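# An overview of the molecular structure
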Amino acid sequence: MTDHRRTLTLTAVLSALIVVSTVAAPMVSARPAHEIPVSEVSTADLAEPNADGWDEVPASDVPLSSAPSSVPNADDTSVETVDVQAARTDERLFVRLEWHDATQDMNASATREFADAVAVQFPTNTSSRPPIAMGGPDNRVNVWYWSGATGTQELLAGGAGSTTAFENPTVQANASHSGTGGNATWTVVYSRQLDAPSENRTDLRTDGDLDVAFAVWNGSNGERSGQKAVSEWHYYPFSGGPQGPPYETLLWSLAGIAIVGVVGVTSFGIYRTRGAE
Ligand code: HEM
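Structural notes, computed from the coordinates.

So, how was this worked out
- Residues numbered from 1 in each chain as written.
- Predicted model: local features only at pLDDT ≥ 70, side-chain atom pairs only at ≥ 80, totals over all residues.
- Heavy atoms only, no water.
- Phe/Tyr/Trp six-rings, centres within 6.5 Å; stacked < 30°, edge-to-face > 60°.
- Helix = DSSP H or I, 4+ residues; strand = E, 2+ residues; numbered from the N terminus.
- Buried < 20%, exposed > 50% of the residue type's maximum accessible area, 1.4 Å probe, protein only.
- Lys NZ or Arg CZ within 6 Å of the ring centre and 35° of its normal.
- Donors = N, O, S within 2.8 Å, 3.2 Å for Na, K, Ca; no water.

### Focus on the packing of aromatic side chains
- Under the criterion given, the structure shown has seven aromatic pairs.
- When the ring of Phe122 is compared with that of Tyr236, the centres are 6.4 Å apart and the planes differ by 45 degrees; the resulting orientation is tilted. Taken as a pair, Phe122 in strand S6 (residues 117-123) and Tyr236 in strand S14 (residues 234-236) lie far apart in primary sequence, 114 residues in all. This pair shows no difference in class: Phe122 is buried, exactly as Tyr236 is.
- Residues Trp144 and Tyr190 carry aromatic rings whose centres are separated by 6.1 Å and whose planes lie at 50 degrees to one another, so their mutual orientation is tilted. One end of the pair, Trp144, is in strand S7 (residues 141-147); the other, Tyr190, is in strand S11 (residues 185-193), and 46 residues separate them in sequence.
- Judged by its relative accessible area of 0%, Tyr190 falls in the buried class.
- Taken together, the aromatic side chains of Phe122, Trp144, Tyr190, Tyr236 and Phe238 make up a single cluster linked through ring pairs.
- Geometry around Phe238 places Arg88 over its ring, the cationic atom sitting 3.9 Å from the centre.

As structure tokens, then:
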């Protein structure tokens with residue numbers, strides 16, 4: 001085999017490796033960063049935080065940071081991530097949130113005493129994404145709020161300071177604090193029927209993506225109302241179809257083919273130039 005042939009063969013092998021790795025690798029991790037998978041399940045053994053059914057449901061690590069609000073100490077928050085799981089039956093959506101908190105703060109009765117809490121927010125109108133800071137007048141948000149002191153509430157907000165409670169709450173929540181010290185966690189499971197129970201309630205039967213955001217308060221760190229750790233908008237992919245967009249795989253494949261093309265043309269050029277010497 002001449003040197004030129006060897007170069008060409010090596011180029012072909014390397015190119016093939018590039019194509020295989022560019023096409024195969026992104027297929028494994030094609031899920032977009034802000035997508036939270038929702039398992040379709042037939043049984044609803046999910047209402048309790050430690051129900052066995054949750055073992056089968058994938059969890060997403062959602063980063064949190066201090067809400068940019070103007071209340072005092074707004075940037076003093078302590079919870080940096082919340083683990084989110086979601087599952088849907090024909091009737092209900094279940095959302096399970098788990099986060100680290102060494103202390104179980106259940107009281108907010110004394111002046112400087114605050115309870116641990118957690119919340120999930122959805123747009124009322126699911127076809128557009130409202131401002132992350134608790135919606136706006138054009139698209140309010142439904143907030144499912146659980147606090148160690150007050151239990152579960154279902155709220156409607158159109159921006160910070162406009163929060164009101166729905167009269168007949170339909171959201172259920174169960175909470176559990178387990179473990180000790182640094183390993184201790186809170187786990188809260190919310191659920192609600194998919195159909196909107198009344199006006200201004202989010203229709204969870206949407207066929208499109210459903211935007212969702214999260215907030216966590218650590219009571220012993222003085223966190224309450226606007227002082228809390230919040231996520232960015234994420235979404236549940238209710239539009240169906242395979243997980244992860246095919247366009248991403250397509251782009252990687254095109255990139256792989258382009259690399260092969262460039263390498264091939266270059267080596268052919270070198271081969272011809274040298275061959276002509
Ligand atoms: C990211 C920007 C955010 C800002 C600047 C912000 C700001 C505020 C402020 C100033 C308050 C106190 C006034 C009120 O009750 O309306 C508040 C309360 C509240 N916020 Fe937000 N918020 C943000 C995001 C969120 C998110 C993402 C959620 C839910 C997932 C949420 C849930 C709540 C709840 C449940 C309350 C009432 C808490 C209580 O009664 O102590 N907020 N927020």
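### Structural notes on the coordination of the iron atom of the ligand
- Only Met134 (SD) and Lys228 (NZ) from the protein coordinate the iron atom of the ligand, and they sit 1.5 to 2.2 Å from it.
- Classification of Lys228 as buried rests on a relative accessible area of 9%.

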